[in-house]
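# Fold and geometry: a report
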Amino acid sequence: MKKLIYFVAALATIAHLQSCTMAVVDAEEEGVWIKQPFLFGHGGIDPDPVTTGLSYGAFSSSVEYFRMTPQRYDEKFDDIFSNDNTPLDFNTYINIQIKKGKTPVLLENYGKDWYRHNIQVYYRNKTREYVSMYSPFDLISNREVLNKIDNQLMQDMTNYIQELSKDKEFPITIKSITTGAARPNADQLTEMNRTASYIQAKRSEEQKTIAE
């Protein structure tokens, strides 16, 4: 009985060792092997990325895929305050590209959720900071002001990545930032429409009085 158990265990081990995981990487991706040996050896992130084509690893290993073209991350803001405390809504987005051949470094240093953990909060906070410096009129209709905000954010985000890289390399490039025109939130828009209607009604009444 014991011999049968050992034999079955040996067959299972051989089957495990002979099985494998396949990585399928397209032209706009890099794959990173995360090695997890079944019995012997050391695990960890393979420093050599997988480029276009097929790659095979141990069945216990896994692969993380990264898009190498610039990726757009959209951020939506609700009730962000201008310099006169008017609540406004708007969207902004940042385009980021991972440096070629550096996906293992990115995964090792900052993990697969690197944007959410290391970029998103800082980017949103800096956006709020600059938006609060300008009037509702400028934020709604002045493209020159919005371009200025974009340029300031680009500089800040680039410096931020450089500072992080002094400790652990952060192999990404900020390609562009675009701040969309702000718009009043629903309550503010209702109030503005009510005010506009009141002003129009008052003008009509004044014109009627003058005509009479």
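Residues numbered from 1 in each chain as written. Predicted model: local features only at pLDDT ≥ 70, side-chain atom pairs only at ≥ 80, totals over all residues. Heavy atoms only, no water.

## So, the overall build of the chain
Which entries qualify depends on this criterion: By definition, any uninterrupted DSSP run of H or I lasting at least four residues is a helix, any uninterrupted run of E lasting at least two residues is a strand, and each is numbered from the N terminus. Type-normalised accessible area, obtained with a 1.4 Å probe on protein chains alone, sets the label of each residue: buried when under 20%, exposed when over 50%, and partly exposed for intermediate values. Here, two residues are considered to be in contact whenever any of their heavy atoms come within 4.5 Å of each other.
Within the chain, the secondary structure is distributed over seven helices and nine strands. Classification of the 212 residues of the chain by burial places 33% in the buried group. Long-range pairs, those at least 24 residues apart, make up 72% of the contacts in the chain between residues at least 6 apart in sequence.

## With respect to the packing of helix 4 (residues 120–131) against helix 6 (residues 143–167)
Test applied: Angles shown run from 0 to 180 degrees and are taken between the N-to-C directions of axes, each axis being a line fitted to C-alpha atoms and, for helices, limited to the stretch in contact. The hand of a helix crossing depends on one turn: near helix anticlockwise from the far one by less than a right angle means left-handed, and clockwise means right-handed. For this scheme, ten residues count as nonpolar: Ala, Val, Leu, Ile, Met, Phe, Trp, Tyr, Cys and Pro. Four count as charged, namely Asp, Glu, Lys and Arg, and the remainder, Gly too, count as polar.
Between helix 4 and helix 6, the shortest axis-to-axis distance is 10 Å and the interhelical angle comes to 145°. Helix-helix and strand crossings are classified by hand; for helix 4 and helix 6 the assignment is right-handed. The segment helix 4 lies against helix 6, with Tyr-122, Tyr-123, Lys-126, Thr-127 and Tyr-130 engaging Ile-149, Gln-152, Leu-153, Asp-156, Met-157 and Tyr-160. By residue class, the composition of the contact of helix 4 with helix 6 is seven nonpolar, two polar and two charged.

## Points about the pairing of strand 6 (residues 71–81)
This is how the line gets drawn: When DSSP locates at least two bridges between a pair of strands, those strands are taken to pair.
Where strand 6 lies against strand 7 (residues 87–98), nine bridges are found, and the strand directions are antiparallel. Following the sheet pairing, Glu-75 is matched in strand 7 by Thr-92. The hairpin formed by strand 6 and strand 7 contains five residues between the paired strands, and Asn-85 there has a positive phi angle of roughly 65°.

## A look at the pairing of strand 7
Judged by how many residues are buried, strand 7 sits mostly within the fold: nine of 12 residues are covered. For strand 7 and strand 8 (residues 172–179), the ladder comprises seven bridges, and the chain directions are antiparallel. Following the sheet pairing, Ile-94 is matched in strand 8 by Ile-177.

## Some points on helix 6
Applicable threshold: Any helix carries an expected span of 1.5 Å times its number of residues minus one. Between N or O atoms, a polar contact is any pair within 3.5 Å; within protein, one atom must be a potential hydrogen donor and the other a potential acceptor, and residues adjacent in sequence are included only when both atoms are from side chains.
For helix 6, built from 25 residues, the straight-helix expectation of 36 Å at 1.5 Å per residue is met to within 8% by its first-to-last C-alpha distance of 37 Å. Here helix 6 has its buried residues at Val-145, Leu-146, Ile-149, Asp-150, Leu-153, Asp-156, Met-157, Tyr-160 and Ile-161. Residues of helix 6 that are buried make contact with strand 7, helix 3 (114–118), helix 4, helix 5 (136–141) and strand 8. If you check the start of helix 6, you find a side-chain oxygen 3.0 Å away from the backbone N of Glu-144, and it comes from Asn-142.

That's the geometry; what it means functionally is another story.
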